[in-house]
Amino acid sequence: MRRAVIAFTAFLGGLVLLLASPAWAEGEALKGTLQNQGQPVNGVKISVVAEDGNPVAAVTTGADGTWEVPVPKAGKFKVTLDQTTLPSGVALKFKDKGTLDVQVYEGNQRNVLFALVPAGQQGSGNTSGESASSFWDRVAQLTFEGFNLGLIIALAAMGLSLVFGTTGLTNFAHGELLTLGAMAAYLFNAVMGVPLILAAVIAVVIGGGLGYLQDRFFWGQLRKRGSSLVAMMIISIGLALFLRYVFLFLFGGESRPFADYNAQPGVQVGPISAAPKNFIAMAIELAVLVIVGLALLKTRTGKAARAVADNPALAASSGINVERVIRIIWTVGGAIAALAGIMLGLAQNINYQMGFQILLLVFAGVTLGGLGTAFGALVGSLVVGLFIQLSTLVVPTELKTVGALLVLILVMLFRPQGILGRRERIG
């Protein structure tokens, strides 16, 4: 078995090196996406000037908020957003950040970030000059966005936690299930013209089917051969890299939106402003999480899954088909992950590494809530989502993820089993 694992890992490594070969590299460029509360902002002028003062180009953001400027060579450039071209009601978060100095390296396509907010919420990096009402309006808006992000993380975290609870596997390829769900929905919606709701249903079915097939023909076979959990975890890392580059080959490196519900006008509910799709998406996410949680508590399969998570050997001796339960968990986990990818694609554009980018937050939510506990994954994910968004009140937006991971470290120091986890005796 050890030889098989080594050979399989070497095979994946060779494929990754082949797909990542320099022949794929494109020319140097500057690019970005302008969004305000998840909605693309079009018609905004972006100009690029070289370090020596020579203008390179000026472009206007498209309907999906994206822009790109190829540059003649590597070097330093000044990227300026013309604030007079911003739509009414939209402003730069920091007025003095309208021009950014950006370094482009050879063969590199550099992303440039301009933070946009609703007019009236911009500042200079702190809230000392804001009125009390404006500050609390911003807190309400960020709390809503934190719940939105937390529910998406919770969908992904619940599947990951269920798989870990029943098999002990830490699956680093779980993020690619999110990407697969988003890309499958994009294929049916944007390419084949299927309405997004129907495309999402098909993508969720595909995600569940892939989860079943993964365990039936891959992870289940490794378990039968007696592979250790460490070996399987390493294989999952190789599988994640392989799938990520397959997605890059098939989908390309650019971010793309769904064809439906792409640009919706915001709806004002008290101090909260959001697109209608955000409210509907949150309702769907919450409903799915509640249904899965109730199924774990009330159904025979759910009770069997909890028995397998507690003690697989005792569950098997009690007449429970452990392999069948694990296969059901993989199917449900794959379907939920695909749905999480679709919801993430609605909140932001779709790209080949979207699952990888959110995977760290998913692990944070699972660990924070308690490894192997479905409800712990929900609670932990909500805490992570809320802290990420609310931390932008005191730290720059670029550092908001760091704060969430700091909370994770602190909780693990004082409560290693997580928020809803149970203490276990070791030895």
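Residues numbered from 1 in each chain as written. Predicted model: local features only at pLDDT ≥ 70, side-chain atom pairs only at ≥ 80, totals over all residues. Heavy atoms only, no water.

Chemist: It is not clear to me how the overall build of the chain should be interpreted in this structure. Could you clarify?
Modeler: When helices and strands are tallied, the chain shows 12 helices and 13 strands. Going through the 427 residues of the chain one by one, you find that 44% of them count as buried. Long-range contacts, defined as pairs at least 24 residues apart, comprise 72% of the intrachain contacts of the chain with a sequence gap of at least 6. Split by element, the accessible area of the chain, about 20,800 Å² in all, is 64% carbon and sulfur. (Helix = DSSP H or I, 4+ residues; strand = E, 2+ residues; numbered from the N terminus. Buried < 20%, exposed > 50% of the residue type's maximum accessible area, 1.4 Å probe, protein only. Contact = heavy atoms within 4.5 Å. Areas by Shrake-Rupley, 256 points an atom, 1.4 Å probe, with all protein chains shown as cover.)

Chemist: Explanation requested: the packing of aromatic side chains in the structure shown.
Modeler: We describe a pair of aromatic rings using the distance from one ring centre to the other and the angle between the two ring planes. The final tally for this structure, using the stated rule, is 5 aromatic pairs. With a centroid separation of 5.1 Å and an interplanar angle of 45°, the aromatic rings of Phe-144 and Phe-279 are classed as tilted. You can see Phe-144 sitting in helix 2 (residues 132–167) and its partner Phe-279 sitting in helix 6 (residues 276–298), a full 135 residues away along the chain. Taking relative accessible area as the criterion, Phe-279 reaches 29% and is therefore assigned partly exposed. Where Tyr-186 meets Phe-251, the ring centres are 5.4 Å apart and the plane angle is 75°; that geometry is what we call edge-to-face. (Phe/Tyr/Trp six-rings, centres within 6.5 Å; stacked < 30°, edge-to-face > 60°.)

Chemist: Explain the pairing of strand 1 (residues 29–33) here, please?
Modeler: Sheet faces and side chains relate simply in a regular strand, where the side chains alternate between the two faces. With 4 of 5 residues buried, strand 1 lies mostly within the body of the structure. As judged from the 3 bridges shared by strand 1 and strand 10 (residues 109–111), these two strands associate in the parallel manner. Each bridged residue has a counterpart across the sheet, and for Lys-31 the counterpart in strand 10 is Asn-111. (Pairing = 2+ DSSP bridges.)

Chemist: Help me understand the nonpolar core in this model?
Modeler: Grouped burial of nonpolar side chains is what soluble globular proteins tend to show. Ranked by size, the top nonpolar core spans 78 residues in total, and within it Leu-155, Trp-219, Phe-258, Ile-350, Ile-358 and Val-362 carry the most contacts. When near neighbours in sequence (up to four residues on either side) are disregarded, Val-362 contacts Ile-153, Ala-156, Ala-157 and Leu-160. Core analysis: the second largest hydrophobic core is formed by 22 residues, Val-69, Val-71, Val-90 and Val-112 among them. (Core = buried A, V, L, I, M, F, W, Y, C linked by side-chain atoms within 4.5 Å.)

Chemist: For this particular structure, what's the right way to read the sheet that holds strand 7 (residues 75–81)?
Modeler: Picture the strands of a sheet paired through backbone hydrogen bonds; they go either parallel or antiparallel. Ordered in space as 5-4-7-9, the 4 strands form an open sheet in which the pairing is antiparallel. The open sheet is flanked by strand 5 (55–60) and strand 9 (99–104), the only strands paired with a single partner. Each strand axis lies, on average, 20° off the axis of its neighbour in the sheet, ignoring direction. In this structure, strand 4 (residues 45–50) lies alongside strand 5, joined through 5 bridges in antiparallel fashion. Residue pairing for strand 5: Ser-47 is matched across the bridge by Ala-58. (Axes fitted to C-alpha atoms, helices over the stretch in contact; angles between N-to-C directions.)

Chemist: Honestly, the sheet that holds strand 10 in this entry has me stumped. Any pointers?
Modeler: Pairing in this open sheet of 3 strands is mixed, and the strands run 6-1-10 from one edge to the other. In this open sheet, the two edge strands, each paired with only one partner strand, are strand 6 (66–70) and strand 10. Put simply, the sheet's adjacent strands are angled 20° from each other on average, direction ignored.

Chemist: Any chance you could explain helix 5 (residues 229–251) here in plain terms?
Modeler: Side chains of residues three or four places apart in an α-helix project in the same direction, reflecting 3.6 residues per turn. The terminal C-alpha atoms of helix 5 lie 32 Å apart, and with 23 residues this matches the ideal 33 Å at 1.5 Å per residue to within 8%. Three or more residues of helix 5 are buried, namely Ala-231, Met-232, Ile-235, Ser-236, Gly-238, Leu-239, Ala-240, Arg-244, Phe-247, Leu-248 and Phe-251. (Expected span 1.5 Å × (residues − 1).)

Chemist: What should I look at first to understand the UniProt feature "transmembrane region" (unreviewed entry) in the chain in this one?
Modeler: According to UniProt, the feature "transmembrane region" (unreviewed entry) maps to residues 149–173, 185–210, 230–251, 279–297, 328–346, 358–388 and 394–414 in the numbering used here. The span residues 230–251 shows a helical share of 100% and a strand share of 0%, and its end C-alpha atoms are spaced 31 Å apart. Across residues 279–297 one finds 100% helix and 0% strand; the C-alpha atoms that close the span lie 27 Å apart. (UniProt positions renumbered as here; feature names shortened; annotations may be inferred.)

Chemist: Could you clarify how one ought to interpret a nonpolar patch on the surface in this entry?
Modeler: Nonpolar side chains collect at one region of the surface, where Ile-197, Leu-198, Val-201, Val-205 and Tyr-261 lie side by side and expose about 490 Å² of accessible area between them. Examined against the element boundaries, Val-201 turns out to sit in helix 4 (residues 196–224). Take Val-201: its relative accessible area is 48%, and that puts it in the partly exposed class. (Patch = residues over 30% accessible without salt bridge, like charges linked within 9 Å, V, L, I, M, F, W, Y side chains within 5 Å. Salt bridge = Lys/Arg side-chain N within 4 Å of Asp/Glu carboxyl O.)

Chemist: Please explain the pattern of salt bridges as it appears in this structure.
Modeler: Two side chains of opposite charge can pair, provided their charged atoms sit close to one another. Using the criterion set out here, one finds 6 salt bridges in the structure. The partner of Arg-223 in a salt bridge is Asp-215, and the shortest N-O contact between them spans 2.8 Å. Linking Glu-323 and Arg-327 is a salt bridge whose minimum nitrogen-to-oxygen distance equals 3.5 Å. Here Arg-327 and Glu-323 lie together in helix 9 (residues 322–347), a separation of 4 residues that amounts to about one turn.

Chemist: When you look at the packing of helix 6 against helix 7 (residues 300–310) in this model, what are you seeing that I'm missing?
Modeler: To characterise two packed helices, one gives the angle between the axes of the helices and the distance between these axes. Following both chains from N to C, one finds helix 6 and helix 7 inclined at 80°, their axes separated by 5 Å at the closest point. Taken as axis vectors, helix 6 and helix 7 run roughly perpendicular relative to one another. Contacts between helix 6 and helix 7 involve Ala-295, Leu-296, Leu-297 and Lys-298 from the first element and Arg-300, Gly-302, Lys-303, Ala-305 and Arg-306 from the second. Taken together, the residues of the contact of helix 6 with helix 7 break down into 4 nonpolar, 1 polar and 4 charged. (Parallel < 35°, antiparallel > 145°, perpendicular 65-115°, else oblique. Nonpolar A, V, L, I, M, F, W, Y, C, P; charged D, E, K, R; others polar.)

Chemist: Would you mind going over the environment of Gly-380 with me for this structure?
Modeler: Structurally, Gly-380 can be placed in helix 11 (residues 374–390). Taking relative accessible area as the criterion, Gly-380 reaches 0% and is therefore assigned buried. Residues Gly-380 and Leu-408, spaced 28 residues apart in sequence, show a C-alpha to C-alpha distance of 9.2 Å. Those residues in contact with Gly-380 that sit more than four places away from it in its chain are Gly-365, Leu-368 and Gly-369.

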